[in-house]
Amino acid sequence: MTLKLAAIVESLSSEFDARLAGDPELLIERLSTLEQATAHDLTFLSHPKYAGKLAQSAAACVVVSPSVEAPAIQRGACIIVDDPYRYFARITQLWKRHHSAEPAVAVHPSAFIDPLAAVAPDASIGAFACIGPGAVVAAGVRIAEHCVIGRNAAVGKGSRLSARVTLAEGCSVGERCIVHPGAVIGADGFGFAPHDGRWEKIEQLGGVRIGNDVEIGANTCIDRGALQDTVIEDGVKLDNLIQIGHNVHIGAHTALAGCVGVAGSARIGAHCTIGGGAVVLGHLALADHVHISAASVVTRSILKPGNYTGFFPIDDNAGWEKNAATLKQLHALREKIKQLEKSLKGSAA
Amino acid sequence: MTLKLAAIVESLSSEFDARLAGDPELLIERLSTLEQATAHDLTFLSHPKYAGKLAQSAAACVVVSPSVEAPAIQRGACIIVDDPYRYFARITQLWKRHHSAEPAVAVHPSAFIDPLAAVAPDASIGAFACIGPGAVVAAGVRIAEHCVIGRNAAVGKGSRLSARVTLAEGCSVGERCIVHPGAVIGADGFGFAPHDGRWEKIEQLGGVRIGNDVEIGANTCIDRGALQDTVIEDGVKLDNLIQIGHNVHIGAHTALAGCVGVAGSARIGAHCTIGGGAVVLGHLALADHVHISAASVVTRSILKPGNYTGFFPIDDNAGWEKNAATLKQLHALREKIKQLEKSLKGSAA
Amino acid sequence: MTLKLAAIVESLSSEFDARLAGDPELLIERLSTLEQATAHDLTFLSHPKYAGKLAQSAAACVVVSPSVEAPAIQRGACIIVDDPYRYFARITQLWKRHHSAEPAVAVHPSAFIDPLAAVAPDASIGAFACIGPGAVVAAGVRIAEHCVIGRNAAVGKGSRLSARVTLAEGCSVGERCIVHPGAVIGADGFGFAPHDGRWEKIEQLGGVRIGNDVEIGANTCIDRGALQDTVIEDGVKLDNLIQIGHNVHIGAHTALAGCVGVAGSARIGAHCTIGGGAVVLGHLALADHVHISAASVVTRSILKPGNYTGFFPIDDNAGWEKNAATLKQLHALREKIKQLEKSLKGSAA
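Residues numbered from 1 in each chain as written. Chains lettered and ligands numbered in written order. Predicted model: local features only at pLDDT ≥ 70, side-chain atom pairs only at ≥ 80, totals over all residues. Heavy atoms only, no water.

I would appreciate a short explanation of the overall build of chain A in the present structure.
Each helix and strand counted, chain A has 5 helices and 39 strands in total. If one aligns the C-alpha atoms of chain A with their principal axes, the spans along those axes are about 85 × 65 × 35 Å. Relative to its 349 residues, chain A shows a buried fraction of 58%. The long-range share in chain A, meaning contacts at least 24 apart out of those at least 6 apart in sequence, stands at 19%. Entry remark: accessible area of chain A is about 13200 Å², with carbon and sulfur atoms responsible for 54%. Within chain A, the 34 negative side-chain charges are centred at a point lying 7 Å from the centre of the 31 positive side-chain charges. (Helix = DSSP H or I, 4+ residues; strand = E, 2+ residues; numbered from the N terminus. Buried < 20%, exposed > 50% of the residue type's maximum accessible area, 1.4 Å probe, protein only. Contact = heavy atoms within 4.5 Å. Areas by Shrake-Rupley, 256 points an atom, 1.4 Å probe, with all protein chains shown as cover. Lys, Arg positive; Asp, Glu negative; His and termini not counted. Charge placed at Lys NZ, Arg CZ, Asp CG, Glu CD.)

Pasting the structure below:
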């Protein structure tokens, strides 16, 4: 399947002020990276600092920003636009629409839909999916094979659930969301009252409310709230294997990378980013626009926007061992330095 | 659905010595937190130190300890009991029983039950579940949609498996356990013998034995043993996305928070707690009553009860970078301090 | 089920030069560890340094290396071979073949196989599995219950997929691979272009290509590439709950322990090992034979083979708190030491 350059530019013309330099009849067969593009590929230059790589690219056409227009035109066909990365993102969406075979809108005969569920006539439901009583599946929703939609759960317009997603009783997903395989939305939060050395279960009576345009990664878990709901606001992006504890609140357009753990009742602001493997402890707050580096542990509220980090720098084993051992004496070393300062003042006097 | 205050207190009267101050006919519509409770809600005060918040609460009734009886009664209706948190935990259980629609005891027609499986007549088996030959499903068990119970596996009385749980061949779960969606019990442990730069698989011939009253979180994995079994004792609570390696032994009533990883053959005592994202290395032992902070790495056996921690404190980026860079010189700095001490002694002499 | 010692040695005789000292008619009932072996068990001594434990073992027979032949024979029956651990690994495989009831080669009547899928006549397909149009399932493949094999995906000869594995559209698994329950191969990579405080999805148009003899743990996720494929080479072993980002490349025979996260476009060499819970950041390279300790964070390319570590050493809480607090002054302390050195030189002059 191929698309003409002219067709690509035309399809995005209502949204972008882009200019094509080159043959509009050129046929594009594939999207690719600058380095790996071959003669029928379309690619992009994410940042002018990589302009030096332009000349070597064999691509049919490169999407570039106006600042590199001259060398780009010298190389060959190009599309000049203000934000090449976003423009290319939209081309990937166009490509996906043209090239993926959407399942026919249909309910697979093996799916089990409770008679008390409300499924829109144009929703598609995959093989062996289960839709519980009182569940609402809105218009244009696509639910893949093996999904389990619990009693009274709701999936908003145009959302897509990949294979094996669990949306538990009473939980809701907004519109245009994408949920990847194995995600579990609405398992019980981890709540127990200690008693005589044992743990008494606190039943988790809240739900999970997920906004619009949220993406949830494979095998990611979002627990239901204890009394109130766990809330994920509009536009949040969660990568794979993330744990979201009960009653967490994540503000709009925040993104969490893979393997992040957020403990119960943490409140993360809007427009934050949290790097892979980071841990956010419970019952604390992050302001809007807080950025946490990968593998860092957030142990206190952070009320000032900015970048925060905390992990032990990697070293060769021998170096690490020496420094890690000395680290256990760090406080004592500080005392020695104080003592030295005092002695030196004494001897200087 | 509502419950009268009198009915709530009465239902727990055999177990707790609780006293109701206020109108026993008051109808409770919801359980809530102290801050969010409205005029028909029941809530609790977990600790006397929060007594200052009592006056502001709009709750219909608050569960409190005797030490705050006076201000609680002044505010309005209250239940006075020695351990308000546990009392409230039991109310959440009562609420859950009254408010959740239990599936009718039945085997869904789409479930596949091997003729050689033994399923108790009052067990319920969800849609598309698979029960293998020789498997035993005891009385009162509830197995939800899409569970896979392997050959010769066993589920004890009254246990509940949520959707999409895998219990592999020969593994067993005790009585009154709760297993959340996507949990995998009995996948192969990670065992390989190195040979000529390749890995020779060591087949994992042990199983997994899980005690009574254990709770296992969503997408958590417990590997089968290599030769002997992996063992989880009674009352253990495992949160989501936890990895338990082969031949691990976890003592009774220990609790692990989300994203913890426990490597093979580690032996964790009873009544321990391990914070979220912590890593316990293999072949080591933790005594009973050891508490590990979140994100800490346990690299040696810990034989003394107590609290242990090890993670790099978070800082703003600039601060972290300066200190992390200096950390690589820490051992050298210690040598310099020694040298300074020597020099100072020399110059003082 | 039992095996005679002679039969065990005979079955491996084409591959190993092993010698049996003891009664070849001895019946072995079980494989076990040196410590736990009873009178009908076969076990092994992994390393001569544990030879002291030999005398206490009640095992029927012990696999040992030539260096401990004398004490081993004094104890009782033994098999003498150059690499006892690998020899024992092969015995576990023999045991597994003899003792596990392989599913009859068959397609379960409940499985849904698209008419356009190509399934080898001797492949077995479990209950409720879904095989999409254009998918290829090669000879001898075993696909367990509830697997979802997407459109145009491929599973190579002799591979085994456990229950609930998702292999997404267009992704491929090589020959003789083992994939454990809940693994997700080919979910979308985490790719977004920021725009006006929101995230614009970059459709993930690449796939996942997995080589031969790869093992993939339970609930592990391997994302599809953005434009090119994510690649896992031959012989790679991935433990449970691992996250592999889009366009990662993992070289042959590398092993990753549980809970590791590898961010997008990282390139890990061959014959590497990465400890549990480690994090590898994106767009960096690890040479062949690089070994990363558990819980370490790889923040830069590592081009030299060797062992690398970086985590904060665990301590009792009080010790950690003192040292962690001082750590925030580390850079300032270094400046003080410099000052002291200067002062001392001055006072010495």
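Would you mind going over the relation of the copies chain A and chain B with me for this structure?
Two chain copies, one operation linking them: a rotation about an axis together with a shift along it. Between chain A and chain B, the superposition needs a rotation of 120° and an axial shift of 0.0 Å, giving an RMSD of 0.1 Å. Taken together, the turn and the small shift mark the pair as related by a three-fold rotation axis. By C-alpha distance to the rotation axis, the residue of chain A lying nearest is F312(A), at 3.4 Å. (Least-squares fit on C-alpha atoms with pLDDT ≥ 70 in both.)

Can you walk me through the sheet that holds strand 5 (residues 41–44) of chain B in this structure?
One key point about sheets: their strands pair by backbone hydrogen bonds, in either a parallel or an antiparallel sense. All names here are of chain B. The 5 strands lie next to each other as 2-7-6-5-4, forming an open sheet whose pairing is mixed. The open sheet has two free edges, formed respectively by strand 2 (19–21) and strand 4 (30–31), since each of these has just one partner strand. Both strand 2 and strand 7 (residues 77–80) contribute to a ladder of 3 bridges, which runs antiparallel. When the sheet's bridge partners are listed, A21 is paired in strand 7 with C78. Against the sheet, helix 3 (residues 84–99) contacts strand 4, strand 5, strand 6 (61–64) and strand 7, and its axis sits at roughly 145° relative to strand 5. (Pairing = 2+ DSSP bridges. Axes fitted to C-alpha atoms, helices over the stretch in contact; angles between N-to-C directions.)

What is the right way to read the domain arrangement of chain A from this model?
By a widespread convention, an interface's size corresponds to the accessible area lost as its parts come together. Each assigned domain of chain A is listed with its residue range as follows: domain 1 (3–99), domain 2 (112–308) and domain 3 (317–348). Centre-to-centre separation of domain 1 of chain A and domain 3 of chain A, based on C-alpha positions: 57 Å. (Domains from an automatic or database assignment.)

Help me understand the state of the cysteines, please; the structure alone is not making it clear to me.
Any covalent bond linking the sulfur atoms of two cysteines counts as a disulfide. By the definition in use, this model includes 0 disulfides over all chains. Among the cysteines around C61(B), which has no disulfide bond, C78(B) carries the closest sulfur, lying 6.5 Å off. Here C221(B) is not cross-linked by a disulfide; its sulfur's nearest cysteine counterpart is in C259(C), at 8.3 Å. (Disulfide = S-S within 2.5 Å.)

Sorry if this is basic, but what is going on with helix 4 (residues 317–327) of chain C here?
Owing to its 3.6 residues per turn, the α-helix brings residues three or four apart onto one side. G319(C), W320(C), N323(C), A324(C), T326(C) and L327(C) are the residues of helix 4 of chain C that are buried. Looking down the long axis of helix 4 of chain C, one finds its buried residues gathered within 160° of arc, a one-sided arrangement. (Arc of directions from axis to C-beta.)

Can you help me understand helix 3 of chain B in this one?
Look at helix 3 of chain B: 22 Å from first C-alpha to last across 16 residues, which is about the 22 Å you get at 1.5 Å a residue. For helix 3 of chain B, the set of buried residues is P84(B), R86(B), Y87(B), F88(B), A89(B), R90(B), I91(B), T92(B), Q93(B), L94(B) and W95(B). (Expected span 1.5 Å × (residues − 1).)

Got a minute to help me understand the interface of chain A and chain C in this structure?
At the interface, 68 residues of chain A touch 72 residues of chain C. In total, about 5900 Å² of surface goes out of reach between chain A and chain C, with carbon and sulfur atoms giving 66% of it. For the chain A face of the interface with chain C, the top three residues by lost area are R164(A), I314(A) and L344(A), together amounting to 12%. At the boundary of chain A with chain C, the tally comes to 3 salt bridges. Ionic pairing is found between E215(A) and K201(C), a salt bridge with its closest N-O pair at 2.9 Å. At the boundary of chain A with chain C, the tally comes to 27 residue pairs in polar contact (both at pLDDT 80 or more). Every element with two or more residues in the side of chain A that touches chain C is listed here: strand 4 (30–31), helix 3 (84–99), strand 27 (237–238), strand 30 (255–256), strand 39 (315–316), helix 4 (317–327) and helix 5 (330–348) of chain A. (Buried area = accessible area lost by both parts, 1.4 Å probe. Salt bridge = Lys/Arg side-chain N within 4 Å of Asp/Glu carboxyl O. Polar contact = N/O pair within 3.5 Å; in protein donor to acceptor, adjacent residues only side chain to side chain.)

What's the story with the pattern of salt bridges in this structure? I'm lost.
Close approach of charged atoms allows side chains of opposite charge to pair. Taken as a whole and assessed by the stated rule, the structure comprises 49 salt bridges over all chains. With a shortest N-O distance of 3.2 Å, R334(B) and E335(B) are connected by a salt bridge. On the basis of relative accessibility, which here comes to 17%, the residue R334(B) falls in the buried class. Where D213(C) meets R176(C), a salt bridge forms, and the shortest distance between an N and an O atom there is 2.8 Å. With D213(C) in the loop between strand 23 (208–210) and strand 24 (215–216) and R176(C) in the loop between strand 18 (172–173) and strand 19 (178–179), this residue pair connects regions lying 37 residues apart in the sequence.

Teacher, can you tell me more about the environment of P194(C) here?
By the element assignment, P194(C) lies in strand 21 (residues 192–195). Taking the C-alpha atoms as reference points, P194(C) and D82(C), 112 residues apart in sequence, are found 58 Å from one another. Contact partners of P194(C), with chain neighbours within four places excluded, come to D83(A), Y85(A) and W199(C).

Could you clarify how one ought to interpret the UniProt feature "active site" (unreviewed entry) in chain A in this entry?
Within the UniProt annotation, "active site" (unreviewed entry) is assigned to H246(A). Mapped onto the elements of the fold, H246(A) is located in the loop between strand 28 (243–244) and strand 29 (249–250). (UniProt positions renumbered as here; feature names shortened; annotations may be inferred.)

Teacher, can you tell me more about the interface of chain A and chain B here?
Across the boundary between the two partners, chain A contributes 73 residues, which contact 68 residues of chain B. Interface of chain A and chain B: buried area, both sides summed, is about 5900 Å²; carbon and sulfur atoms make up 66% of it. When the area that chain A buries against chain B is broken down by residue, the three leading residues are F190(A), W199(A) and L227(A), summing to 11%. For the interface between chain A and chain B, the tally reads 3 salt bridges. Where K96(B) meets E203(A), a salt bridge forms, and the shortest distance between an N and an O atom there is 4.0 Å. Connecting chain A to chain B are 28 residue pairs in polar contact (both at pLDDT 80 or more). Contributions of two or more residues to the side of chain A that touches chain B are made by strand 20 (184–187), strand 21 (192–195), strand 22 (198–201), strand 25 (221–223), strand 37 (297–298), strand 38 (306–309), helix 4 and helix 5 of chain A. Among the residues forming the side of chain A that touches chain B, the class breakdown is 38 nonpolar, 22 polar and 13 charged. Two elements, strand 38 of chain A and strand 39 (residues 315–316) of chain B, share 2 bridges in a ladder whose sense is antiparallel. Bridge pairing in strand 39 of chain B links Y308(A) to D316(B). (Nonpolar A, V, L, I, M, F, W, Y, C, P; charged D, E, K, R; others polar.)

When you look at the pairing of strand 6 (residues 61–64) of chain A in this model, what are you seeing that I'm missing?
Looking along a regular strand, one sees the side chains alternate between the two faces of the sheet. Residue and element names in this part refer to chain A. Along strand 6, one buried face is formed by C61 and V63 and the opposite face, lined by V62 and V64, is buried too. The sheet contact formed by strand 5 (residues 41–44) and strand 6 spans 3 bridges and is parallel. Looking at the pairing, L42 lines up with C61 of strand 6. Direction of pairing for strand 6 relative to strand 7 (residues 77–80): parallel, over a ladder of 4 bridges. Following the sheet pairing, C61 is matched in strand 7 by A77.

Looking at this structure, I do not really get the environment of L256(C). What am I missing?
Structurally, L256(C) can be placed in strand 30 (residues 255–256). The exposure class assigned to L256(C) is buried, which follows from its relative accessible area of 0%. Distance in space between the C-alpha atoms of L256(C) and P115(C) is 38 Å, their sequence separation being 141 residues. In contact with L256(C), not counting residues within four places along its chain, are F190(B), K237(C), L238(C), D239(C), I242(C), I244(C), I250(C), V262(C) and I274(C).

When you look at the sheet that holds strand 23 (residues 208–210) of chain B in this model, what are you seeing that I'm missing?
Residue and element names in this part refer to chain B. Strand order in the open sheet formed by 9 strands is 9-12-15-18-23-26-29-32-35, with parallel pairing between adjacent strands. Both edges of this open sheet fall to strand 9 (118–119) and strand 35 (285–286), since each of them pairs with a single strand only. Pairing of strand 12 (residues 136–137) with strand 15 (residues 154–155), which is carried by 2 bridges, proceeds in the parallel orientation. Counterpart to V136 in the pairing with strand 15 is A154.

Hey, could you run me through the confidence of the model for chain A in this one?
Low-pLDDT stretches of the model should not have their predicted coordinates read in fine detail. Across chain A, the average pLDDT comes to 95, with 98% of residues at or above 70. Taken over the whole predicted complex, pTM reads 0.96, whereas the ipTM for its chain interfaces reads 0.95. (pLDDT = per-residue confidence, 0-100.)

Would you mind showing me how to read unusual backbone geometry here?
Glycine aside, negative phi is the norm for most residues, and most peptide bonds take the trans geometry. All names here are of chain C. One non-glycine residue with positive phi stands out, namely R164, at about 65°. Here R164 shows up in the loop between strand 16 (160–161) and strand 17 (166–167). Among the residues examined, R164 registers a relative accessible area of 1% and is labelled buried. In the Ramachandran plot, R176 falls in the positive-phi region, its phi being about 55° despite a non-glycine side chain.

It is not clear to me how the packing of aromatic side chains should be interpreted in this structure. Could you clarify?
Aromatic rings in a pair are described by how distant their centres are and how their planes are angled relative to each other. All told, the structure shown has 24 aromatic pairs over all chains when counted by the stated rule. With a centroid separation of 5.3 Å and an interplanar angle of 75°, the aromatic rings of F128(A) and F128(C) are classed as edge-to-face. Remark: F128(C) occurs in the loop between strand 10 (124–125) and strand 11 (130–131) and F128(A) occurs in the loop between strand 10 (124–125) and strand 11 (130–131); the pair is interchain, linking two chains. Judged on exposure class, the residue F128(A) and its partner F128(C) are both buried. The interplanar angle of 50° and the centroid separation of 4.8 Å between the aromatic rings of W320(A) and F311(C) together place this pair among those described as tilted. Taken together, the positions of W320(A) in helix 4 and F311(C) in the loop between strand 38 (306–309) and strand 39 (315–316) put the pair across two chains. Of the residues examined, W320(A) reaches a relative accessible area of 11% and is grouped as buried. A relative accessible area of 8% places F311(C) in the buried class. Ring-pair connections join several aromatic residues into one group, and the members of that group are F311(A), F312(A), W320(A), F311(B), F312(B), W320(B), F311(C), F312(C) and W320(C). (Phe/Tyr/Trp six-rings, centres within 6.5 Å; stacked < 30°, edge-to-face > 60°.)

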